Amino acid sequence: MGALIGELAFHADLMQSLDTLCPRAGERTDWHAALARPVRQALTPSMRELSRRLGAEAGRQLLSEAGGCASGAFAAAYREEREEFLDLLERWARFAS
């Protein structure tokens, strides 16, 4: 359960980082709001800080490797990360039920 919570927090922070680095016109997503309340409550302040830092670093790295916000590689990587986050949310839902 702890590992899944950590993955969820990291992916929410990564998606938030990608949206900050490459804002999409008219779209603002609060990725953390998608996390279930028990997940948010389980995160200690130090875990939140670590997750934010790692998400920001991973976002910058992904953007650099993809060749910028306008690249097809970035669009594909963004979709892939979004799908992975949604898959993690589904795993949490199955685990929590």
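Just above, that's the structure.
Predicted, not measured: the structure shown is a model, and the values here were computed from it.

## A few points about the overall build of the chain
At step 1: Scanning the chain from N- to C-terminus turns up 4 helices and 0 strands.
At step 2: Put simply, the chain runs from its N terminus to its C terminus through helices and strands in the order α-α-α-α.
At step 3: Taking 13 Å as the expected radius of gyration for a compact globule of 97 residues, we find that the chain reaches 13 Å, a close match to that expectation.
At step 4: When the backbone C-alpha atoms are referred to their principal axes, the chain occupies close to 40 × 25 × 25 Å.
At step 5: When burial is assessed residue by residue, the chain has 33% of its 97 residues classed as buried.
At step 6: Expressed as a percentage of contacts within the chain between residues at least 6 apart in sequence, the contacts between residues at least 24 apart total 74%.
At step 7: With 12 positive and 14 negative side-chain charges, the chain shows a separation of 6 Å between the mean positions of the two kinds.

## Here's the deal with the nonpolar core
At step 1: Grouped together as the largest cluster of nonpolar side chains are 23 residues, with contacts concentrated most on L8, L18, L35, F74 and F85.
At step 2: Within the residue set of this core, elements represented by two or more residues are α1 (2-21), α3 (45-66) and α4 (72-96).
At step 3: Apart from the residues within four sequence positions on either side, L35 is in contact with L8, A9, A12, R40, F85 and L89.

## As for the packing of α3 against α4
At step 1: At a minimum axis separation of 8 Å, α3 and α4 run at an interaxial angle of 145°. Viewed along their axes, α3 and α4 form a crossing whose handedness is right-handed. For the pair formed by α3 and α4, the contact residues are L62, L63 and A66 on the first element and A73, F74, A77 and E81 on the second.
At step 2: Looking at the contact of α3 with α4 residue by residue, the classes come out as 6 nonpolar, no polar and 1 charged.

## Considering the state of the cysteines
At step 1: Evaluation of the coordinates by the stated rule reveals 1 disulfide.
At step 2: Each sulfur of the disulfide joining C22 and C69 lies 1.8 Å from the other. Looking down the S-S bond of the C22 and C69 bridge, the torsion is -75°, so its handedness is left-handed. Placement of C22 in the loop between α1 and α2 (37-42) and of C69 in the loop between α3 and α4 is noted, with a sequence separation of 47 residues between them.
At step 3: Given the relative accessible area of 38%, C69 is considered partly exposed.

Parameters at a glance
Residues numbered from 1 in each chain as written. Predicted model: local features only at pLDDT ≥ 70, side-chain atom pairs only at ≥ 80, totals over all residues. Heavy atoms only, no water. Helix = DSSP H or I, 4+ residues; strand = E, 2+ residues; numbered from the N terminus. Rg over C-alpha atoms; globule rule 2.2 N^0.38 Å. Buried < 20%, exposed > 50% of the residue type's maximum accessible area, 1.4 Å probe, protein only. Contact = heavy atoms within 4.5 Å. Lys, Arg positive; Asp, Glu negative; His and termini not counted. Charge placed at Lys NZ, Arg CZ, Asp CG, Glu CD. Core = buried A, V, L, I, M, F, W, Y, C linked by side-chain atoms within 4.5 Å. Axes fitted to C-alpha atoms, helices over the stretch in contact; angles between N-to-C directions. Left-handed = near helix turned anticlockwise from the far one by under 90°. Nonpolar A, V, L, I, M, F, W, Y, C, P; charged D, E, K, R; others polar. Disulfide = S-S within 2.5 Å.

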